[in-house]
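# Coordinate inspection notes
Residue strings, one per chain:
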Amino acid sequence: MPESRSTSRTRRLDQPREPGRVRLPRFDPEVFGQWSEGIARYMGTAKFLVYMTVVILLWIGWNALAPADMRFDPYTFTFLTLMLSLQASYAAPLILLAQNRQTDRDRLGLEEDRRRAAMQKADTEYLAREIAALRIAIGEVATRDFIRSELTRLADEMSEAQRRPPRSAGRTRHALHEPLDEMDSDRP
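As a starting point, this report considers the structure included with it.

Calculation rules
Residues numbered from 1 in each chain as written. Predicted model: local features only at pLDDT ≥ 70, side-chain atom pairs only at ≥ 80, totals over all residues. Heavy atoms only, no water. Helix = DSSP H or I, 4+ residues; strand = E, 2+ residues; numbered from the N terminus. Contact = heavy atoms within 4.5 Å. Areas by Shrake-Rupley, 256 points an atom, 1.4 Å probe, with all protein chains shown as cover. Salt bridge = Lys/Arg side-chain N within 4 Å of Asp/Glu carboxyl O. Buried < 20%, exposed > 50% of the residue type's maximum accessible area, 1.4 Å probe, protein only. Patch = residues over 30% accessible without salt bridge, like charges linked within 9 Å, V, L, I, M, F, W, Y side chains within 5 Å. Polar contact = N/O pair within 3.5 Å; in protein donor to acceptor, adjacent residues only side chain to side chain.

## Things to note about the overall build of the protein chain
For the protein chain, the count of helices and strands is six helices and zero strands. If you list the helices and strands of the protein chain from N to C, you get α-α-α-α-α-α. Restricting the contact set of the protein chain to residue pairs at least 6 apart, pairs at least 24 apart contribute 44%. Summed over its atoms, the accessible surface of the protein chain is roughly 17,000 Å², and 62% of this surface lies on carbon and sulfur atoms.

Structure below.
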């Protein structure tokens, strides 16, 4: 005959006893947090306030104007007060839970913003250094205006040299064989 579970548990001396406490069902904190945020968002809407006001007015109206045998909460509306207190006692922690989750999201967002700002600052500093290096390098490069002025100066010198009369008609100058200054000094 098979032993029941309770008798097998008590007979095993080599294993510790299971605690005799109530085991609560496990739930996913993320799902519960999303659910609480949904409730908190709904409770913060005008729609909820209108529905709540309508329910309270109907409750008070029914219990004040209905025949005495049909009233379920007499004049002091003790049950209504209990229900509103119960609703508030559950709403406050749900709202706080939703606020804590929003705070956590905001903190993560701020950390991400700080990280991006640091990266952008580093990129900006790198680009500023590169622009400074380019400015220094461009300062050493001949500009179009400089080249134009030098070409104009050379063209003027060449045109002036062409307009001058030759120095000696009978002699030809060979720049490779003798310099100009020596030729001029050899003249009698």
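## Let's talk about the pattern of salt bridges
Within the structure shown, the criterion is met by eight salt bridges. With a closest N to O distance of 2.7 Å, arginine 107 and aspartate 104 form a salt bridge. Residue arginine 107 and its partner aspartate 104 are located together in helix α4 (residues 78-139), separated by three residues, close to a single helical turn. One salt bridge in this structure joins glutamate 112 and arginine 115, with 2.4 Å as the shortest N-O distance. In this pair, glutamate 112 and arginine 115 both sit in helix α4, three residues apart, roughly one turn of the helix. Look at glutamate 112 and you get partly exposed, because its relative accessible area is 28%. Salt bridges sharing partners connect three or more residues here, namely Glu30, Glu37, Arg101 and Arg105.

## A look at a nonpolar patch on the surface
A surface patch of nonpolar side chains, amounting to about 830 Å² of accessible area, comprises Trp62, Met70, Phe72, Phe79, Leu82, Met83, Leu86 and Tyr90. Tallying contributions element by element places α4 first for the nonpolar patch, with five residues. Assignment of secondary structure puts leucine 82 in helix α4.

## A word on unusual backbone geometry
Although it is not a glycine, phenylalanine 77 sits at a positive phi angle of roughly 55°. Looking at the secondary structure, you find phenylalanine 77 in the loop between α3 (46-65) and α4. The buried category is assigned to phenylalanine 77, whose relative accessible area is 13%.

## Digging into the side chain of asparagine 63
For asparagine 63, the location among the structural elements is in helix α3. Residue asparagine 63 is classed as buried on the basis of its relative accessible area of 1%. Among the polar contacts listed, one links the side chain of asparagine 63 to the backbone nitrogen of phenylalanine 72, at a separation of 3.0 Å. Within the structure, asparagine 63 has its side chain in polar contact with the backbone nitrogen of aspartate 73 (distance 2.8 Å). Every residue in contact with asparagine 63, bar those within four places of it in the chain, is listed here: Arg71, Phe72, Asp73 and Phe77.

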